[in-house]
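The lines below spell out each chain.
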Amino acid sequence: MPGIGIPSLADNLPPLLKRNYGKWISHEHPRPGVIKHDSETGEVCFTVRAGMPPNARVSTQTLRKICDVADEYSEGFFRVTQRNSLEFVGVPERKIEGLIARLALMGFPVGGTNRSLHNTVCCTGYMHCHLAATDPAAIMKAVSEMLLKEFENDYLPAKLKISGSGCLNNCGEGSTADIGIVGVHRDLPPIHVGKLKGCELPLVISVCPVGAIKPKGPGMVEIDGKRCIHCPACSVACAAMAPIGSADGDGVAIVVGGKAGNTGDGPAIAKVAVPYLPNNPPYWSEVTGAIRKIVYAWHANARKDERVGEWINRIGWAKFYERTGLPVSTKVIDEFDSRAIEYAKSNVRFKW
Amino acid sequence: MQIEKIKLCCAKCGFTVEEYNASELAEVPRKTKRYKYLLQKSSICPACLASGRLKENRVTEEADTTPTQTADTKFSTTAPVAHEKHPDSPTPMIDAISQGVWPSHAAELKKTRYPVQMYEQALQKRTTQWGYGGYVSLPGVASGVLVRASARPDITKGSNFVRIMDPCGNFFKADSMRKICDISDKYAYGLLHLLSTGGDLEMLGIPTENLKAAVDEITKIGFDVGSTGDDYRTSEECIGPAKCDLALYDTLGFREAWYKRFLDDVQYPRFPHKVKCKFAGCPNDCVRGQQKSDFVVIGVFRDLPIIDQKKVKKWVKDGGDMTTACTRCPGGCLSWDKKNGLNIDGDSCLRCMYCINKISGVRPGGDRGVAILVGGKMRGKYGPMLAKVVVPFMKAEPPDYKEVFDLIEKLTEVYDANARKKERVGDFMLRVGMSEFFRLAGVEPSAHLFNQPRTNLYYHWEPEEVRPQNGAGKENNCTTTKL
């Protein structure tokens, strides 16, 4: 029965970290994929970081292998970071080469530290979700494949984070990353009249952000197609209005410039650069092409320590579209709420 | 002895979703709230997947009888079947995704009993093949279980998963993970989502009739389930003092104390919508709390960063790039010359951690505490929003962090009492307005609460602010302050 709480901290920390809890004084990156922490007790802790399958999906078969590696190299513990990378903490220095070779044999590339592409994060998409407008896991697999060199080396201007969400619910955190992909629907939600009985109609009407759903007689609703912004809010609240989307309607938006830390220009939510690209499985060549253009333009033009968002803030959006060669669309000007007018330009300080 | 029990059942198939003793329902306010919440809410029945209001049944039972499982197997999902191999591959798309150097999720799917045709067909048809689903309750398991129907009953009937709350610091012990593997092999597809973006471990593919047994086995090996529905979701924390030299408070201890105090609210949904809490050890915010979470506790320091000039000089000598560091400092407050070393201009320092991250020999300053930001979200009703500062600085005192937890509990109560159904904290703040939210929560005015003052003068005064009586309404105006 639930009610026991989380496993205790004392039992779930590697002994090396328990001995040096709160005593760390500095860290450095001796090579890509390896981090070294120094403690005031004189002990050092080496961490080896590896990429994971997109969405951190592993079979029990693979997980057992990871457990064996952890037993052999890092005192029986491994860690999954916030960005879903696999970390072995407290690896003895002499064993690092062996561990990297072992991980390579298992098919896990080592890297993703410092000024490199960090491991991608995405939601489950087509694998297990009824709202997905795209499959971010497959896109992230293609992106990781394309930027493998950037993952394994650290020559980029700053760290690069790429995330993907399958729909506007943003479970995959597309909007938090330097470059994010977010699945977008373009169809109106259906109304399956037979199932409406099971729905809480006042809730369905109130969750719509734009008031596009209106009551139409007792037990029935109608959708104002002009207003709909194709977010899946009603499809989440009501089984009669799911699934939303179709093969030709669904697609991918690309957002850029998200960032969490308070350094540089501070935390920011990513902004829409490309409002729609079609779904093209299995490799999503349009999406990966657009991401490649952004990464290459950023790499070539950004100053040191400049994240993607900070680079755009410095050069401006006109230069961003010029440098990347991405198509411009008026859909990127916000018209959603009363702040809308501020997103259009109100000065003539142009960068030609 | 006879006991009166109140059971909340599915109106269609009669499956018991939750049950209470009548006496404890009257006495425990949290249970009363949860009971009222369940009665108002349209729930999904785990047995027949019908959504609708629950029906209340009052029954009198012998005190020692154990609650019986009434799941009707007729409606439940079938046990997963192994994927059959075929000479000319039935899964061309998945084969394409399985290739390459990067580890592939599709290759992992094939090693399990996951119905790969669901994924294959979705990729071929460019739409998802899954159907409606949602969070459900089972007797004794109020949160942590999700059911999902299938839009392709010819491939699979549906698929459920449980959410397991991860240990502090996301450290997984090899031994306990092997046990998780055993449970997953026994009951589920043998497929794990190691860390969801919410910070849980998810075990996919448990047939409905096995859900309860699987949850029992998971709790037997020391893990607990939770974090679905309208409760405090699993709180994420950065690795903190366990392996980081920058942590300004003990995030891991904080999270452990959090679960000791709020476990009920994590496992029994009763709020208007989900509430996500994240704990970041320093302003670098590795948990992305300012972007994602309703309540984020961030470690901050008030004194200037401490400079060890000897170490800094050594860093420069070893090839450290001081020119970039000085120009990229967001406050523009770093200056460096060989003789006097590094200097920080106190008035423009933002305490943003940039110099501390980049220059060896600069360490976070003293006078440490936490800042509390409220209302971040990724979607909600009005789109993504960054969390807003509510308390710029307060002390976090171990071991029970009472002041911080009391404040978060108070803010949650304000949200719970005033927000509409399915309204995230951020949406609630937008709807009522920041100053009204600050008034409801009793926030101290501070110049750290805003980037810049407003340009329009369209603001509202309450009558008691205009003519204060008995000191009421003093906090937010300056008419009574001597200038």
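Residues numbered from 1 in each chain as written. Chains lettered and ligands numbered in written order. Predicted model: local features only at pLDDT ≥ 70, side-chain atom pairs only at ≥ 80, totals over all residues.

1. Looking at the overall build of chain B
Within chain B, the regular secondary structure consists of 16 helices and 20 strands. With respect to the principal axes defined by its C-alpha atoms, chain B has extents near 80 × 70 × 45 Å. When burial is assessed residue by residue, chain B has 50% of its 483 residues classed as buried. In chain B, once contacts between residues fewer than 6 apart in sequence are set aside, the share between residues at least 24 apart is 66%. (Helix = DSSP H or I, 4+ residues; strand = E, 2+ residues; numbered from the N terminus. Buried ≥ 20, exposed ≤ 12 C-beta atoms within 10 Å, placed from the backbone. Contact = placed C-beta atoms within 7 Å.)

2. What to know about the overall build of chain A
Tallying secondary structure elements over chain A gives 10 helices and 13 strands in all. Overall, chain A is about 75 × 65 × 35 Å in size when its C-alpha atoms are taken along their principal axes. Scored against the burial criterion, the 352 residues of chain A give a buried share of 54%. Counting contacts in chain A only where the partners sit at least 6 residues apart, residues at least 24 apart contribute 64% of the total.

3. Points about the sheet that holds strand β5 (residues 77-80) of chain A
Pairing in this open sheet of six strands is antiparallel, and the strands run β1(A)-β2(A)-β3(A)-β6(A)-β5(A)-β9(B) from one edge to the other. Because the sheet does not close on itself, it has two edges, and the strands there are β1 (24-31) of chain A together with β9 (171-173) of chain B. Across this sheet, the average inter-strand angle for adjacent strands is 30°, counted without regard to direction. Across four bridges, the pairing between strand β3 (residues 44-50) of chain A and strand β6 (residues 86-89) of chain A is antiparallel. Counterpart to A50(A) in the pairing with β6(A) is L86(A). Across the face of the sheet, helix α3 (residues 96-106) of chain A comes into contact with β2 (34-39), β3 and β6 of chain A while running at roughly 15° to β3(A). (Pairing = 2+ DSSP bridges. Axes fitted to C-alpha atoms, helices over the stretch in contact; angles between N-to-C directions.)

4. Overview of the pairing of β2(A)
All names here are of chain A. Where β1 meets β2, five bridges bridge the pair, whose relative direction is antiparallel. Within β2, the residue paired with H27 across the bridge is H37. If you look at the hairpin formed by β1 and β2, you'll find two residues sitting between the two strands, and G33 has a positive phi there, around 90°. As defined by bridge partners, β2 adjoins β3 across five bridges and the pair is classed as antiparallel. Of the residues in β3, the one forming a bridge with V34 is V48. Hairpin geometry of β2 and β3 is characterised by an intervening segment of four residues between the two adjacent antiparallel strands and by a positive phi of about 95° at G42.

5. A look at the domain arrangement of chain A
One can read the domain layout of chain A as domain 1 (10-106), domain 2 (121-185 + 248-343) and domain 3 (193-241). Put simply, the middle of domain 1 of chain A and the middle of domain 3 of chain A, counted by C-alpha atoms, are 48 Å apart. (Domains from an automatic or database assignment.)

6. Examining the domain arrangement of chain B
Where interface size is given, it is often the accessible area lost as the parts come together that is meant. Residues and elements named next belong to chain B. The domains assigned to chain B are domain 1 (1-75), domain 2 (103-229), domain 3 (236-301 + 368-466) and domain 4 (306-363). If you tally residues by element for the side of domain 1 that touches domain 2, the top one is strand β2 (residues 16-21), at four residues. For the side of domain 1 that touches domain 2, the class distribution of residues is seven nonpolar, three polar and two charged. (Nonpolar A, V, L, I, M, F, W, Y, C, P; charged D, E, K, R; others polar.)

7. Focus: the nonpolar core
One finds V48(A), I254(A) and V162(B) to be the most contacted residues of the largest nonpolar core, which totals 224 residues. Looking at which element gives the most residues to this core, the answer is helix α8 (residues 285-301) of chain A, with seven residues. Those residues in contact with V162(B), other than ones at most four positions away along the chain, are G144(B), V145(B), M203(B), I206(B), A214(B), V215(B), I218(B) and V225(B). (Core = buried A, V, L, I, M, F, W, Y, C linked by C-beta atoms within 7 Å.)

8. Overview of helix α5 (residues 116-125) of chain B
Of all 10 residues in α5(B), seven are buried, a share of seventy percent or more. For α5(B), the full list of buried residues reads V116(B), M118(B), Y119(B), E120(B), Q121(B), A122(B) and L123(B). Each element contacted by the buried residues of α5(B) is listed here: α4 (136-146) of chain A together with α3 (92-98) and α4 (105-110) of chain B. The positive-phi residue at the C-terminal boundary of α5(B) is R126(B), with phi of around 60°.

9. Focus: the sheet that holds strand β20 (residues 388-394) of chain B
All names here are of chain B. Strand order in the open sheet made by the five strands is β12-β13-β14-β19-β20, with mixed pairing throughout. Either end of the sheet is taken by a strand with one partner, and the two such strands are β12 (236-237) and β20. The sheet contact formed by strand β13 (residues 277-280) and strand β14 (residues 295-301) spans four bridges and is parallel. Directly across from A280, in β14, lies its bridge partner I298.

10. Description of the interface of chain B and chain A
With 103 residues of chain B in contact, the opposing surface of chain A contributes 100 residues. At seven residues, helix α6 (residues 174-187) of chain B tops the list of elements feeding residues into the side of chain B that touches chain A. Of the residues in the side of chain B that touches chain A, the class split is 47 nonpolar, 31 polar and 25 charged. By the bridge criterion, three bridges tie strand β4 (residues 57-59) of chain A to strand β10 (residues 191-193) of chain B in an arrangement that is antiparallel. Bridging across to β10(B), V58(A) finds its partner in L192(B).

11. Quick look at the confidence of the model for chain B
Residue and element names in this part refer to chain B. In this model, chain B carries a mean pLDDT of 87, and residues with pLDDT of at least 70 account for 92%. Predicted confidence is poor over residues 65-86, with pLDDT under 50, and the contacts of this stretch with residues over four places away or in other chains come to 40 contacts. If you check the scores for this complex, the pTM reads 0.89 and the ipTM reads 0.93. (pLDDT = per-residue confidence, 0-100.)

12. Section: the pairing of β13(B)
All names here are of chain B. Side chains of β13 alternate between two faces, with C277 and F279 and K278 and A280 buried alike. Of the strand pairs in this sheet, β12 and β13 are connected by two bridges, and their pairing is parallel. Bridged to E237 within β13 is F279. Taken together, β12, helix α8 (residues 251-267) and β13 constitute a β-α-β crossover, and its handedness is left-handed. (Right-handed = clockwise from strand over helix to strand, strands pointing away.)

13. Some points on the environment of R49(A)
Residue and element names in this part refer to chain A. Assignment of secondary structure puts R49 in strand β3. A residue is classified by how many C-beta atoms lie within 10 Å of it, and R49, with 25 of them, is buried. C-alpha separation for the pair R49 and S85, spaced 36 residues apart in sequence, amounts to 6.5 Å. Non-local contacts of R49, meaning those with residues more than four positions away in its chain, are made with G33, S85, E87, V110, G112 and T113.

14. A closer look at the environment of G98(A)
Take G98(A): it is sitting in helix α3. Along the sequence, G98(A) and Y73(A) sit 25 residues apart, while their C-alpha atoms lie 8.9 Å from each other.

15. Focus on unusual backbone geometry
Residue P243(A) follows A242(A) across a cis peptide bond; omega there is -5°. Backbone torsion omega between P398(B) and P399(B) reads 5°, so that peptide bond is classified as cis. Even without glycine at this site, H230(A) takes up a positive phi of about 60°. Counting through the fold element by element, H230(A) comes out in the loop between β11 (221-223) and α7 (233-237). Residue classification places H230(A) among the buried residues on the basis of 20 C-beta atoms within 10 Å. Positive phi is not limited to glycine here, since R351(B) has a value of about 55°. On the secondary structure map, R351(B) appears in the loop between β17 (341-344) and α12 (354-358).

16. What to know about α6(B)
For α6(B), spanning 14 residues, the distance from its first C-alpha to its last is 20 Å, which sits close to the expected 20 Å at 1.5 Å a residue. Those residues of α6(B) lying buried are A174(B), M177(B), I180(B), C181(B), I183(B), S184(B) and Y187(B). Its buried side turned inward, α6(B) meets α2 (60-73) and β5 of chain A together with β9, β10, β11 (200-204) and α7 (211-220) of chain B. (Expected span 1.5 Å × (residues − 1).)

17. Considerations on the environment of S176(B)
When you line up the elements, S176(B) lands in helix α6. Taking the C-alpha atoms as reference points, S176(B) and G222(B), separated by 46 residues in sequence, lie 8.5 Å from one another.

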